[in-house]
Amino acid sequence: MARKKKTVTVKDSQPIIYSGNVTVKKIKNGKIVSTQTMHNAGYNPLFQFLLNCLAGNYVDKSRPKWIYTCKKDGTGIKYVGNLPNYLNYEPAVLSVKTGSNENFYIEYKFLLSYSPDFQDGFNCLALYSENNKPAAFLAGEIISGDYSMLVTMNNDITSNGEDILIIWQLQIENPTVNN
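No experiment lies behind these values; they were computed from the predicted model shown.

So, on to the side chain of Asn40. In this fold, Asn40 is placed in the loop between β2 (31–39) and β3 (41–42). Residue class for Asn40 comes out buried when judged on its relative accessible area of 10%. In terms of polar contacts, Asn40 uses its side chain to reach the side chain of Trp168, at 3.1 Å.

So, about the environment of Val22. Position of Val22 among the secondary structure elements: in strand β1 (residues 17–28). Residues Val22 and Asn174, 152 residues apart in the sequence, show an inter-C-alpha distance of 21 Å. If we ignore the near neighbours within four places in the chain, the residues touching Val22 are Gln36, Thr37, Met38, Asn40, Leu125, Val151, Ile166, Ile167 and Trp168.

With that settled, the discussion passes to unusual backbone geometry. Phi at Asn29 takes a positive value of approximately 50°, unusual for a residue other than glycine. When you line up the elements, Asn29 lands in the loop between β1 and β2.

Attention now goes to the nonpolar core. Within the largest apolar cluster, 23 residues are counted, with the highest numbers of intra-cluster contacts made by Val24, Leu125, Ile166 and Trp168. Among the elements of the structure, β1, β8 (101–112), β9 (122–129), β10 (149–157) and β11 (163–173) are those that each provide at least two residues to this core.

Turning next to the sheet that holds β8. Spatially, β2-β1-β11-β8-β7 is the arrangement adopted by the five strands of the open sheet, whose pairing is antiparallel. The two strands at the open ends of the sheet, each matched to only one other strand, are β2 and β7 (89–98). With strand direction ignored, the average angle separating the axes of adjacent strands in the sheet is 25°. With 11 bridges connecting them, β1 and β11 associate as antiparallel partners.

A few words now on the pairing of β8. Note: β7 against β8, eight bridges, orientation antiparallel. Paired with Val93 across the strands is Ile106, a residue of β8. Hairpin connection from β7 to β8: two residues lie between these consecutive antiparallel strands, with Gly99 at a positive phi of about 65°.

With that out of the way, let us pick up the side chain of Arg63. Residue position: Arg63 is located in the loop between α1 (44–54) and β4 (64–73). Non-local contacts of Arg63, meaning those with residues more than four positions away in its chain, are made with Phe49, Tyr58, Leu87, Glu90, Pro91, Tyr108, Tyr128, Ser129 and Glu130.

Okay, the confidence of the model for the protein chain next. Within the protein chain, residue pLDDT values average 88, and 91% of them lie at 70 or more. The element-level mean pLDDT for the protein chain is lowest in β7, coming to 87, with β9 highest at 95.

Rules used throughout
- Residues numbered from 1 in each chain as written.
- Predicted model: local features only at pLDDT ≥ 70, side-chain atom pairs only at ≥ 80, totals over all residues.
- Heavy atoms only, no water.
- Helix = DSSP H or I, 4+ residues; strand = E, 2+ residues; numbered from the N terminus.
- Buried < 20%, exposed > 50% of the residue type's maximum accessible area, 1.4 Å probe, protein only.
- Polar contact = N/O pair within 3.5 Å; in protein donor to acceptor, adjacent residues only side chain to side chain.
- Contact = heavy atoms within 4.5 Å.
- Core = buried A, V, L, I, M, F, W, Y, C linked by side-chain atoms within 4.5 Å.
- Pairing = 2+ DSSP bridges.
- Axes fitted to C-alpha atoms, helices over the stretch in contact; angles between N-to-C directions.
- pLDDT = per-residue confidence, 0-100.

Written out as structure tokens, the structure reads:
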């Protein structure tokens, strides 16, 4: 009787790294009065969208393009204000060269016009797709968890007449491969 052969699966481990940087600029009378930069986290709706794109199934309504201001406190993350903001500029794929390597990233820009809702501040930003954005919401409600990306800031962003420019840069790279 012949022995059954063992099947061994070998996984080729090449980590792909997702990173997101968010810059918040307060603008008054056309001049930048302050700038903060922080990192964001990506969530399943974002990665599902990216995988669908790679599979040749581009679903525009799954692309993140709605930003919501939020505030994290001891009871959770809650919406600030009653209006989401739509992507003001079409995202652009950009690159930066570091030595002989070229890294690509996408840049989203949102210009949030001054709102009295910002006087008390916000310390989180949630980015949603058309498919996952809340149909209706009220200031102070706990946010829906179907966001594509979320950034939590170290301190509150307040506004007393300033507009707020959000620049969201997303990058996916494989550090084990040199370009």
